[in-house]
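An overview of the molecular structure
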Amino acid sequence: MRVRAALLAGMLAGPAQASTVMEVDHVCPVGGEHFRQEMAGSGTAFGHYLDGQLHGPIMSPWPLAKCPGNGFVIYRDGFTPAEIEVLESFVQGPEYRRLRDVETSYWLAARLQEALGVPLAERAGTLLRATWQASPEQYPRYVEAAGAAFAAACPDDAAPDARDEPWLYCQLIRAEWERRTSRFDAARTRLLGLQLPAQGLDDEAVRGQLQAEIAQQLALVAEGDARRTLAVEAGSDASGAGEPGTR
C-alpha cells in the first residue's frame, strides 16, 4: 500500500519506520542538560489511517526527545545561537511552563516553531502529527489548529497548476478532519470537488489508491461515520476498513 504520509513532501518528511527502542544520550539545546531517553529504532508499517498515521508495529509519529528539566522538545538537529536565545526565553516563560506537562510533544514542537517565526504552512506537518498523539479532549482543538495550517499550505482557491499531488493529499486530510469532527456536509463538499491532477500521477497504483480513498471517505460521510478509520487498499472492500476509534 502506498503510504499517504510519505507523499506529502516537506509537510510530512520524517523517519518511515520505528517499533524497536534504544537508549540514546542527548544534550538539551536549551540549558545544556545531559539526559538519556528511549528512542525509536526500527519497524514496519502495514498500512495507514485516512489522516496519514501509519499502522502496524511502528511508532507513528516518530517520538521526540524531551528535556526532563525544562521540557524543551528536540524536534530537529541543530539550532543557531540566535534561535537558542529566542527559544530559551520562550521555554522559561509562563506559557511554555504551563503547556509542557499537559500537551503532546508535537504540539509543543509546533509552539517552539511558532516562537521562532516559522510560517503557519510550514508548521502543518508538526501539527498533523500532534493530532495523532491527541487525547479525545485535545483532538478538536488540535484539529482546528492543524486545519488552519493545512488551509494555508493547500488553499481551496489554489491556481490550477498548483493543484498537484501534495495539494490533493493535503485536501484529503482536511476532508478527513471534517469527517472526524462530524462536519459531514463540509467533508462531502470538499471530496466531491476534488479531481485527480492531470499531470504527475502516471503511477496507476497511486491514482488507484487516491480514487479508493476518496470513495471510502464519501461512503463514511454518507453513513455519518466519524470513527478513526484505516485506509483501504485499492481494489479491496471499503466496508471492512473501519476501526472504532477512541476519539
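Above this text you will find the structure in question.
To start, this report covers the structure provided alongside it. (Residues numbered from 1 in each chain as written. Predicted model: local features only at pLDDT ≥ 70, side-chain atom pairs only at ≥ 80, totals over all residues. Heavy atoms only, no water.)

1. Topic: the pairing of strand β2 (residues 34-40)
- Pairing analysis gives seven bridges linking strand β1 (residues 21-27) to β2, with the strands arranged antiparallel. Each residue of the ladder has a partner; that of Val21, found in β2, is Ala40.
- Here β1 folds back onto β2, and the loop between the two strands holds six residues, one of which, Gly31, carries a positive phi near 100°. (Pairing = 2+ DSSP bridges. Helix = DSSP H or I, 4+ residues; strand = E, 2+ residues; numbered from the N terminus.)

2. Some words on the packing of helix α1 (residues 81-91) against helix α3 (residues 105-115)
- For the pair α1 and α3, the least separation of the axes is 9 Å and the interaxial angle reads 125°. Taken as axis vectors, α1 and α3 run oblique relative to one another. Between α1 and α3 lies a crossing of right-handed hand. Contact residues: α1 offers Val86, Leu87, Phe90 and Val91, while α3 offers Arg111, Leu112 and Ala115.
- Tallied by class, the residues present in the contact of α1 with α3 amount to six nonpolar, no polar and one charged. (Axes fitted to C-alpha atoms, helices over the stretch in contact; angles between N-to-C directions. Parallel < 35°, antiparallel > 145°, perpendicular 65-115°, else oblique. Left-handed = near helix turned anticlockwise from the far one by under 90°. Contact = heavy atoms within 4.5 Å. Nonpolar A, V, L, I, M, F, W, Y, C, P; charged D, E, K, R; others polar.)

3. Some words on the nonpolar core
- Core analysis: the largest hydrophobic core is formed by 54 residues, its most contacted members being Phe72, Val73, Tyr96, Leu112, Phe150 and Trp177.
- Here the element with the most residues in this core is helix α6 (residues 165-180); it accounts for eight residues.
- Setting aside residues up to four positions removed in sequence, Phe72 forms contacts with Cys28, Pro29, Val30, Ala65, Lys66, Cys67, Phe79, Leu87, Val91, Tyr96 and Leu112. (Core = buried A, V, L, I, M, F, W, Y, C linked by side-chain atoms within 4.5 Å. Buried < 20%, exposed > 50% of the residue type's maximum accessible area, 1.4 Å probe, protein only.)

4. Some details on helix α8 (residues 204-222)
- Here α8 contains 19 residues, and its C-alpha end-to-end distance of 27 Å stays within 8% of the 27 Å for a straight helix at 1.5 Å per residue.
- Taken together, the buried positions of α8 are occupied by Val206, Arg207, Gly208, Gln209, Leu210, Ala212, Glu213, Ile214, Gln216, Gln217, Leu220 and Val221.
- Taken together, the buried residues of α8 touch β3 (47-48), α6 and α7 (184-192). (Expected span 1.5 Å × (residues − 1).)

5. Comments concerning the state of the cysteines
- For the structure on display, the rule yields two disulfides.
- The residue that forms a disulfide with Cys28 is Cys67, at a sulfur-sulfur distance of 2.2 Å. Between Cys28 and Cys67 the disulfide shows an S-S torsion of about 100°. By sign, it is right-handed. Here Cys67 lies in the loop between β5 (65-66) and β6 (73-74) and Cys28 lies in the loop between β1 and β2, a separation of 39 residues in the sequence. In terms of burial, Cys28 and Cys67 fall into one category: buried.
- Note on cysteine connectivity: Cys154 is disulfide-linked to Cys170, with sulfurs 2.1 Å apart. Disulfide Cys154-Cys170: torsion about the S-S bond near -70°, hence left-handed. (Disulfide = S-S within 2.5 Å.)

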